[in-house]
Amino acid sequence: MSIQTVATQPIAGQKPGTSGLRKTTPEFQAHHFLENFIQSIWNGIGGVKDRTLVLGGDGRHFNAEAAQVVLRMAAASGARRVIVGRNALLSTPAASNLIRKRRADGGIILSASHNPGGPEGDFGVKYNTANGGPAPENVTSKIFEATKTISEYAIFVSHDIDLSKLGEHRLGDMVVEVVDPVADYAALMQKIFDFDALRALFQGGFRIRFDAMHAITGPYATAILEDQLGAQRGSVINGTPLPDFGKGHPDPNPIWAKPLMDEMMGPDAPDFGAASDGDGDRNMVVGRGLYVTPSDSLAALAANATLIPAYAGGLQGVARSMPTSKAVDRVAQALGIECFETPTGWKFFGNLMDAGRCTLCGEESAGTGSDHVREKDGLWAVLFWLNILAKRQISVADLMAEHWAKYGRNYYSRHDYEGVDATAANALMDDLRSRLAALPGTTVAGLTITSADDFAYDDPIDGSRTEAQGIRIGFEGGARVVLRLSGTGTVGATLRVYLETVDTENLHMDAQEALAPVIAAAEELAGIKDRTGRAAPDVIT
Ligand code: G6P
Ligand code: ZN
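Residues numbered from 1 in each chain as written. Chains lettered and ligands numbered in written order. Predicted model: local features only at pLDDT ≥ 70, side-chain atom pairs only at ≥ 80, totals over all residues.

Per an unreviewed UniProt entry, the chain goes by the name phosphoglucomutase (alpha-D-glucose-1,6-bisphosphate-dependent) and belongs to Tropicibacter oceani. Taken verbatim from the UniProt record of the chain, the Catalytic activity (unreviewed entry) comment is "alpha-D-glucose 1-phosphate = alpha-D-glucose 6-phosphate". Per UniProt, the chain has the following entry under Cofactor (unreviewed entry): "Mg(2+)". (UniProt positions renumbered as here; feature names shortened; annotations may be inferred.)

The structure is reproduced here in C-alpha cells:
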C-alpha cells in the first residue's frame, strides 16, 4: 500500500453553489473530476493532516464508489480518522450532528439533495465545517480558487474498505470508524422531544403517513416513528433508500409528493402526512385536507415552541431566508424576540446560531431547523409538529386556523420557470435591477410599490456582506414579490418568483386566487412570459 501522486489539471466549473458542488452523475464520474474537487477541498481548508472528518451520503448512485475515493484521499493527505455511516450512508442532519458530537474538524456529505439520482441523475459533494454547518462563503471561495490551480492530487492505493461492518478499520495510518447512521441522531431527537407524549399520541390511535421517497430518511423514520414511538407498522412508506430513488424526484412538495398529497386530501386521510428529501434535510407537512407551506410551518413552530422540552425556556431569536414569507416575523414580534432576514442558503444561519442569537430558522424551500445541528432537519421538523399536536390535542387544520386568526395569514406561492435560457434569465434580472430606483411610488396592476431593492446581507456576527441575493419589491398593505435565479439547478437557469400577500380577514382562500393581483404585478414588472418564452410556470408550489 502506498500513496500515489497523480498529475492533473484544473477542470472548469467546480464552483460550489448554494449547497456544495452539484453536477450530473456522468460529469462527476468523468476522469479526475471527483478527485480534483476533493483535493481542492483539502487544499482550500489548509489540508487534513491529523484531522478527524465525518463522511456519509444519501445513498444515490455513485455514493459508495465516491466514499471510497474520499477515504483514500483523506488517508493520503494524512487525516487521523474518518467517521463513516454504515454503507457510507448518513442523512445531512445526522452528519451535522456527528461532526458536532464527535468534535470532528469537518465533514464530507455526498448528496445532490432533492435532485433526482441515478446514472443520468445528479450527484453532489458538500463540505461542512467544524460547527456542523455548510462551509461559509469564505471557505467555499478558497476551495473554488484551489480548483483553478490544482496540478496534482494524492490518493492511497488500496483495496476498498468494507463499510458494511461496524467498528474500526485502517487505511494506512488513518482509522476508518464505521458507525450506525441512525443511533446518534435518534438519541439527539430523544433529548429534544417528549417521547412519552409522542408514544401516548400513537397509542391513542393517531395515524401518520411518512413518505421517505426512497431516500435516506427511510431508516431514520422507521427506527424513530415505528420502532421507538409505536406508530403503526407501514406508517413509513418508500422507506428503503434506492440509488435512483425509485426513479422519482425526492423533493417533498405537493408536486413531487403527489401520492401523499392525494391521500391527505382524500376521504380516508390519516391525521398527519409528511415527507423528506434525498438527503433528509427538507420536510413537507400536510394535515388532513390542508397543506402547510414551509413559511407557515416555521411560524407555527415558533409560536408553539415552548411546548417542546428543548425549547421550553423560549427562543433566542428566529431567522428566515429573504424569500420566505414574513409570517414568522409577526410571531417574533409578538414574542419580543429578534427576527433575521438572511440570503437563501442554510450556511447563513450558522453564524447567528453559533452566536446564540437564533434558535429556530427556516426557508420557503422546505427547510426548517434549529440550533440542535447546523443543517435543516426534515425528521426533526416532523417530530416538532407531532409533539405540538400531542400537547395541544388539536388537528393541523385547526392549529393553522387558530394561528391565522391570531396573526393574520400570509398567502404564499412560488412560481418556477425551469431550464430557461441563461442569457434571457440574466437579462430579465438585469433589466429589472436597473429600474429599481424609479419604482417606489409607482403603481403596477393596481398595486402601489413602496420599496424595491436588490437584497444585500450584512452578517451581524462576522461583518461580511453578501450582495445581489434577489430582487424584492414591496407593495402597500404588505404584499411582496421576490425574483431570484436558483443557485442549485444543473441545466440552464431557473427563475423563481416568490409571491406573498397578507390578509387578516379572509383566511381560507385559495392561495393562487388570493395572490392574483401580485402575480399580475410581477408579470407587468418583469415581462416574464416574453423573456422566458413560457406561457406559465413549470412548477407552482
Ligand atoms: C438548498 C439549500 C437551501 C436553499 C435552497 C435554495 O436546498 O440547502 O438552504 O434554500 O438550496 O435553492 P435554490 O435553487 O432556490 O437556489
Ligand atoms: Zn436536501
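Our next topic: the overall build of the chain. A tally of helices and strands in the chain yields 18 helices and 27 strands. Principal-axis analysis of the C-alpha atoms gives the chain an extent of 70 × 60 × 40 Å. Per-residue burial over the chain gives 54% buried out of 541 residues. For the chain, contacts bridging at least 24 residues in sequence account for 74% of all contacts bridging at least 6. (Helix = DSSP H or I, 4+ residues; strand = E, 2+ residues; numbered from the N terminus. Buried ≥ 20, exposed ≤ 12 C-beta atoms within 10 Å, placed from the backbone. Contact = placed C-beta atoms within 7 Å.)

Neighbouring residues of ligand 1: 14 residues in total, closest S19, S365, S486, G487 and T488. Classifying every residue of the shell around ligand 1 gives one nonpolar, eleven polar and two charged. (Near = placed C-beta within 6 Å. Nonpolar A, V, L, I, M, F, W, Y, C, P; charged D, E, K, R; others polar.)

Let us now look at helix α10 (residues 294-304). The element α10 is largely enclosed, with a buried count of eleven among its eleven residues. Of all the residues in α10, the buried ones are P294, S295, D296, S297, L298, A299, A300, L301, A302, A303 and N304.

Before going further, it helps to spend a moment on the nonpolar core. A74, V82 and A302 are the most contacted members of the largest nonpolar core, which totals 127 residues. Among the elements that take part in this core, helix α13 (residues 378-392) stands out by supplying eleven residues, more than any other. Counting only domains with at least three residues in this core, you end up with domain 1 (2-181) and domain 2 (185-407). Every residue in contact with V82, bar those within four places of it in the chain, is listed here: L53, L55, L71, A74, M174 and V176. Counting residues in each nonpolar core, the second largest holds 30 residues, with V420, M429, L483 and A493 among its members. (Core = buried A, V, L, I, M, F, W, Y, C linked by C-beta atoms within 7 Å. Domains from an automatic or database assignment.)

Looking now at the sheet that holds strand β8 (residues 167-171). On the basis of which strands lie adjacent, the open sheet formed by seven strands has the order β2-β6-β5-β3-β4-β9-β8 and mixed pairing. Edge positions in the sheet fall to β2 (21-24) and β8, since each has one partner strand and no second. Between one strand axis and the next, the sheet turns by 20° as a mean value, whatever way the strands run. In this structure, β2 lies alongside strand β6 (residues 122-129), joined through four bridges in antiparallel fashion. Bridge pairing in β6 links R22 to G124. (Pairing = 2+ DSSP bridges. Axes fitted to C-alpha atoms, helices over the stretch in contact; angles between N-to-C directions.)

As summarised here, the arrangement of the four strands in space is β16-β15-β17-β18, forming an open sheet in which the pairing is mixed. Here the strands that pair on one side only, and so sit at the sheet edges, are β16 (338-342) and β18 (367-370). For this sheet, the mean angle separating the axes of adjacent strands, direction not counted, is 15°. One ladder, built from four bridges, connects strand β17 (residues 360-363) with β18; its direction is antiparallel. Among the inter-strand pairings, L360 is bridged to a residue of β18, identified as S370. Most of the contacts of helix α12 (residues 347-354) go to β16, to which it runs at about 150°, and overall it touches β15 (317-321), β16 and β17.

As assigned here, the chain comprises domain 1 (2-181), domain 2 (185-407) and domain 3 (410-540). Placing the centre of domain 1 and that of domain 3 at their C-alpha centroids yields a distance of 36 Å. Facing the nine residues of domain 1 at the interface are four residues of domain 3. With three residues, the single largest contributor to the side of domain 1 that touches domain 3 is β2. Its residues assigned to classes, the side of domain 1 that touches domain 3 shows no nonpolar, five polar and four charged.

Following the UniProt record, the feature "domain: Alpha-D-phosphohexomutase alpha/beta/alpha" (unreviewed entry) maps to residues 14-153, 185-286 and 295-407 here. End C-alpha atoms of residues 14-153 are separated by 15 Å, and the span's content is 39% helix alongside 24% strand. For the annotated span residues 185-286, helix accounts for 36% and strand for 15% of the residues, and the straight-line distance between the end C-alpha atoms is 24 Å.

Let's shift gears to the environment of N128. Here N128 lies in strand β6. Along the chain, N128 and S91 lie 37 residues apart, while their C-alpha atoms are 13 Å from each other. In this structure, N128 is in contact with A95, S96, I99, G106, G107, I109, G133, P134 and A135, ignoring residues within four places of it in sequence.

Here the phi dihedral of H214 falls at roughly 60°; this positive angle occurs in a residue that is not glycine. Tracing the backbone through its elements, the reader meets H214 in the loop between β10 (208-211) and α8 (217-228). On the neighbour-count criterion, H214 (22 C-beta atoms within 10 Å) is buried.

Counting through the fold element by element, E168 comes out in strand β8. Here the alpha-carbon distance between E168 and R81, two residues 87 residues apart in the chain, equals 9.7 Å. Dropping the residues within four chain positions of it, E168 is found in contact with V175 and E177.

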